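Tertiary structure, described
Here's the letter readout for the chains.
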Amino acid sequence: MKINYIGAIGILLTMIACEKELTPTVVNDADQIVVEGYIEAGIGKDANRVTPPYVILTRAVPFQKEFTTNNIFVNGADVTVSNGTDSVKLTEFCWQNLDSVTKRRAAGVFGINFDSVQSNFNVCLYLDLTQRMKGQIGKSYWLTIKKDGKTVTSVTTIPKWIPIDSSYFIKPPGTNQNDTMVQMRAYIRDIANELNYYRYMVGINGEPYKAGRQSVYTDELIDGQYFLFNLFNREQASRGLFRRGDTLSVKWSNIDGEQYDFWRTLEFNANNQGPFSAYTRVKSNIQGGMGIWGGSVVSYLDTIVPKK
Amino acid sequence: MHSTKSNFSILLLWLFCVTLSLAQEYTLSGYVKDANTGETLIGTNIYTQINRSQGTVSNNYGFYSLTLPKGKYTIVWSSVGYKNIEQEIVLDVDKTLNVDLSEGVVMKEVVVTAKPKDDHVQSTEMGTVTLPIESIKKMPALMGEADILKALQLLPGVMAAGEGSSGFYVRGGGPDQNLVLLDEAPVYNPGHMLGFFSVFNADAVKNTTLIKGGMPANYGGRLSSVVDIQMKEGNNKSYGAEGGIGLIASRFTAEGPIQKNKSSFIVSARRTYLLDLVQPAIDKTKFAGTNYYFYDLNTKVNYTFSDKDRLYLSGYFGRDILVFNSKENAFKINIPYGNATATLRWNHVFNQKLFMNVTGVYNNYDFTVQGGQETFQLKVASGVRDWNGKVDFEYFPNYKHNIKMGVNYIRHRMSPNIATFSNGEGTFTNNLKPKYAHETAIYINDDHKITNDLSLSYGLRGSWFAQIGPYVSLKTGKTYADGEIVKSYPRLDPRLTGKYSLTDASSVKFGVTLTHQFVHLVSNSTSTLPTDVWVPSSEIVKPQRGVQYALGYFRNFEDNMYETSVEIYYKDLWNQIDYPENYVQSPSVEVETEFVYGKGRAYGAEFFLKKAKGRLNGWIGYTIARSERIFPTINQGAVYPAVYDRTHDIVLVANYRLSKKWDFNTNFVYATGNNYTPLRSLFLINQQLNIEYGARNSARYNSYHRLDAGFTYARNPDSKKKFTSTWSFGVYNAYNHFNPFFIYYNVKADVNTSAAKATAFQVTLFPVIPSVTWNFKWQQKPKQQE
C-alpha cells in the first residue's frame, strides 16, 4: 500500500500554480540497447500457460527525438539463452512479416488491440522456437546478445513458488457504494526468513494482462505471514475495484530481487514527477545495456466476479 | 587524545596568564535594557569615546563587562535603533551600571538597520549579520507573512532552497548544515507547510543573527551556518498586546510584567485559516473533513532574583495538521508534525568579569503519517528527541579579551521511519528502532584585541560523539545494551578569524574554521521535506567535516553612511552524504544503509553595498559562487554541481520612507536557475514508454527573478494613544514572472499508431500574489517613575 501524502499537499498548492511548455536542455547520449526478456516456470495446471523465453530488443531514443516503433527495434542480433548445460538460439520475428492469424495471436501476448492496429505498426521479438528451454524453479538462465561486435549479457534466477492462496470479494469501502463494483482481496502464505518478491498483472474479460502503477511487492514487512491484501484493478477509471460479472485472470509472478529493483525504479520514475519527488535511475540487471532479463514462476488465478 | 587534552590545558593556562600580567584595572559591568519594555539588549556596543577599540559588546542576555586601566572615561552605550547614552565615569573602583536605552526618536525615523558607528568594519566577526526584527517585518512577504528565514535569504551567500521556500543554502552547503537555534534549542524542522513558511513567529522574536563563515567555537555541530534566534522576554514594565490579521493567518501576542521590573511573560500565537474559511464549501464535496492548518505558540517567562541571578523559561510549540478525507472510498489520512522545544536558563554573574549561563533544553520533532481505508491502516512515524544541557561562561578579564568557554551535552534519540501496517487480521512492522547518541562538546574562544588595529578571535572546540545502545549492529549483528558505546568520534575544531584595520573606515578580515557535523538529514528531493529523517553518526555514517577559508575587505564611506564589503571563501567538505542514483525509498530499510559518501567543495565571492541611514536605506548584494560534489558512485565519479549551486545571485532590498505615515519597501531577487537532472531518453518496456534520466544536476531551470513591493501605512504615527494600528499592503512577484518551480514531462504514447511524443512543462507556483495585513498594538501607558 502506498500513500502519496505529499501529493495531497501538492493538490492544495497546485490550485494556484500555472504551467507552460518548455524546451529543456538537450542531453546527448549514445543510444543504448534496451532488453526486455522473460523466462517463465509454472507448476501444475499453470505449466501449460508458461510463455516460452522471448526477448525484445529496442534502442532508447533520446528524449528530444521522435519515438516511433519503426526506428527502435534492434534486428539481426544473435540472442542465446543458456541454463549452464544447454543453450538455445532465439529466432527473430517481426510483426510486419507475420500472417494475419499469427498476428492476431501475437497481439494478445503484447497487449495490443488487434483491430485498431495501424498498418505502419511493427514489433520484433526473439523467441525460443525449439521449446527446449523451459524455466525451472531455482535454476539460473544466462542471456547473451551479440550485435555489431558488442555483447550484452545478463543472468536471472527463478525463485520459489508462492502462489495466491485464496481470494474473495467484498463490498467496496466508503460511501460510494453502488452494487456494480467490488473490492478483491487475497491471501498469500509467505515463506519465512527469506526475501520474497511478488508481481501481479490483471486481465479482464480476455483482454491482455495489465500491470498497475505499482506492480511489485516485497515481504519485508510480512515475512512468513499468512497475509491478507487488496488486489486492485489496474484500469485507472476503476479506482481499483472490479465490476460484477467480469471474468478476471490474475497473473501472479514470483520474481527475484533484481527484477523487483528494476520494476520498482522504473515505476518510481513513472509515478514521481513534481516539486518534491526525486528522480531515480532505473536499476537494470543487463550488462552492456539496460532493461530486464527476468525469470519468474507464474501462477494464474481465474475467477468470475459474482453478480450479487 | 592525550596530546589534545594537554594542548587544551596549555591554551587555558595561557589565556588566564594574559590577564594576570595587567594591573591597576577596574571593571564597569551591568545589563543594558530597553527603557520602555525592560527587554535586555543584545549586541550593544559599549566603548570609550576616545578609543573605539576600548570596548565590548553586550552578550545574548544583555550583560556587559568592560575592564579598563584606572582613569576617567566618557563611556558610550550604543545599540541599533536606540539613542546613544554617553556618561562620564571615573573608574577608580569596580562599578556596576545598568543602563536603560530609549528608542531613538530620530534614529527610528531614518534607520532601523544601521549598526552603530563603524561596527561593520571594526568587529572581528566576518560573515556575520544581525537582522533587526523590525526591518524583517517591514519587508514585503509572501501572503503578508513576515518570515525570518526568507529575510535571511536576501543576504549574499544565502540562497532560497526553492520558490517560496523558507529552506536555505548557505555558501553552497545543504539545508541540514544550518544550525537553527531558538532560545538555544536546535530546531530540526524550521518549516511549516512543506517549508513555505518558517516556524518563527516574528512577533515573538527579538533578535536574529546569521553566521555564514567564521563560526566561533561556542557554536558547533553544523558545517555551514548558525542562525541564532532569541525570543523576546516580555515587557516587565507594562502590559501590552499586538497582533495582525492577514489573508492566510492571524497572530496575537500578549506580554507584561508578572512582578514589575522583576519578572515578565510573553505569549505569542499564530494560526493559519486558509482552509478553515472554505470548510463549508469543502463539506459539500466528497472531500468533506479535509483540512490543513498550522499553528505556533511561543511562551516565555523570566524572573530576576537579583543583579546576579536571572531565570528564563521559554517554550515553542508548533504543528502542521493535514487531514485528507475521501468519504467516497472511506480513505482518510492524517499527517500531524511539528516541533516542541522548552528551554530553561539560569544567568549568574559570579563577579563583574565572569558571567555564566546554564541551559537545559528539551527538544522534540515528530512526523507522523497515519491513514488508510477501513481495516487497512498504515502508520509511519519518525522524529528527533533531544535532552540538551549547556554551561557557558563569559570571562572579560579586560577590554582586550572576551573569553567564552563552556561545555555542552546532548542526548539524541533519532527515530527512523517506523512503520506499522494492519490489515484487520494482524499488525506488521518494519521493526526499525530509534537510535541513541551522546553528543558532547567543550570549547574555549577568545576575542582578542592585540593592538588597536589587529584583533583575533581564536578558539578550539573539542567534540565527542558516540552512538550508543540499545542497538543491534547492522554490520556484525552484535547487540549493544542500553548506553553501551557502539562507535565514537572524537573531533577537534580549531577556529580563527581576524581583523586588521587599514584605516578608521576600512579593514581586512580573514577566517579559517574547521567544523564537524554529527547529525545528518539527507533529502532525495530538491528541498527538505518533513518526511526526511535525521540520522546520527553511527557505525555506518561518519561525521561530516568542513573547512572554510574566507578573506574579506570591508570599507565604510561618508561617515559610515555606506557600508561595503567583498568576501571570498573556499570550502572543502568531506563525508558528504547523498542517496545513490537508483535510490527508491523503502519502508523497511534504514536510510543510512542506502547512503553513499563523497567530497565537496564550494567557493565564491560576495559583494555587499548597504546604505545604512537616510530616508532611503537598504542594500544590494551580489554573489558569484560554485558548489560541487564528487561521489564515486554518482555520475561515474565525475564532478557534478550540487543542488545548492547557484552561479549568480543578485539581491536588492530597499526601504523608503515616503512620509511619517507611509513606508515603501521593495525586494528584487535574481538568481541563476536551480539545477536539475534532465530526462535523457525514452524506452519501451512492458508495452509502455519509460523514462531514463541523464547526468545528475546537469541541466538548469531558467533563471529566477522576482520583485516584491509593499507599503506600510500608519494612520496616526505620532499617536500617544494606547491603541495603534498599521496596514501593510504587499505584492509578491509584482511583474508576474513565471518562475520555474519544477519541470515535468508528459509522455504520450500510442503503441497502436507506433508514435510517441514527450513534452516538458515548466510549472510556476506563485504568480503575482497581493496581500493585505492589518496589524495592531495596544500598550498600557507606563506609569511615571517615582
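All figures in this text were calculated on a predicted structure; none of them were measured in a lab.

Let's talk about the sheet that holds strand β9 (residues 128-132) of chain B
Residues and elements named next belong to chain B. Here five strands make up an open sheet; going across it, the order is β9-β16-β17-β12-β13 and the pairing mixed. Among the strands making up the open sheet, the edge pair consists of β9 and β13 (185-186). Where strand β12 (residues 178-182) and β13 come together, two bridges link them in antiparallel fashion. In the sheet register, Leu182 faces β13, and the bridge partner there is Ala185.

What to know about the domain arrangement of chain A
Residues and elements named next belong to chain A. As far as domains go, chain A holds domain 1 (33-157) and domain 2 (160-304). Taking only C-alpha atoms into account, the centre of domain 1 sits 22 Å from that of domain 2. At the junction of the two partners, domain 1 supplies 33 residues and domain 2 supplies 27 residues. Along the contact surface separating domain 1 from domain 2 lie two salt bridges. The residue Glu40 makes a salt bridge to Lys251 at a minimum N-O spacing of 2.9 Å. Run the count over domain 1 and domain 2 and you get 21 residue pairs in polar contact (both at pLDDT 80 or more). Elements that contribute at least two residues to the side of domain 1 that touches domain 2 include exactly β2 (33-42), β3 (54-59), β10 (140-147) and β11 (150-157). The biggest single contributor to the side of domain 1 that touches domain 2 is β2, with ten residues. Here the residues of the side of domain 1 that touches domain 2 are counted per class, giving 19 nonpolar, nine polar and five charged.

Description of the nonpolar core
Counting 85 residues, the largest nonpolar core has A:Phe67, A:Trp263, B:Phe683, B:Ile685 and B:Phe766 as the members making the most contacts within it. In terms of residue count, the dominant contributor to this core is strand β44 (residues 679-685) of chain B (five residues). Excluding its chain neighbours within four sequence positions, the residues that come into contact with B:Ile685 are A:Val34, A:Val35, A:Glu36, A:Phe262, A:Trp263, A:Leu266, A:Gly291, A:Ile292 and B:Asn690.

Considering the packing of aromatic side chains
Describing an aromatic ring pair means giving the distance of the ring centres and the angle of the ring planes. All chains considered together, the criterion is met by 59 aromatic pairs over all chains. Taken together, a centroid distance of 6.0 Å and an interplanar angle of 15° make the contact between A:Tyr200 and A:Tyr217 stacked. Taken together, the positions of A:Tyr200 in strand β14 (residues 197-204) and A:Tyr217 in strand β15 (residues 210-218) put the pair 17 residues apart, joining distant regions of the chain. A connected cluster of aromatic rings, assembled from ring pairs, spans A:Tyr198, A:Tyr200, A:Tyr217, A:Phe227, A:Phe229, A:Trp252, B:Phe376, B:Phe421 and B:Phe428. Positioned above the aromatic ring of A:Trp263 is the side chain of A:Arg199, whose terminal nitrogen or guanidinium carbon lies 3.6 Å from the ring centre. Sitting over the face of the ring of B:Phe554, B:Lys509 holds its NZ or CZ atom 4.3 Å from the ring centroid.

What counts, and where the lines are drawn
Residues numbered from 1 in each chain as written. Chains lettered and ligands numbered in written order. Predicted model: local features only at pLDDT ≥ 70, side-chain atom pairs only at ≥ 80, totals over all residues. Heavy atoms only, no water. Pairing = 2+ DSSP bridges. Helix = DSSP H or I, 4+ residues; strand = E, 2+ residues; numbered from the N terminus. Domains from an automatic or database assignment. Contact = heavy atoms within 4.5 Å. Salt bridge = Lys/Arg side-chain N within 4 Å of Asp/Glu carboxyl O. Polar contact = N/O pair within 3.5 Å; in protein donor to acceptor, adjacent residues only side chain to side chain. Nonpolar A, V, L, I, M, F, W, Y, C, P; charged D, E, K, R; others polar. Core = buried A, V, L, I, M, F, W, Y, C linked by side-chain atoms within 4.5 Å. Buried < 20%, exposed > 50% of the residue type's maximum accessible area, 1.4 Å probe, protein only. Phe/Tyr/Trp six-rings, centres within 6.5 Å; stacked < 30°, edge-to-face > 60°. Lys NZ or Arg CZ within 6 Å of the ring centre and 35° of its normal.

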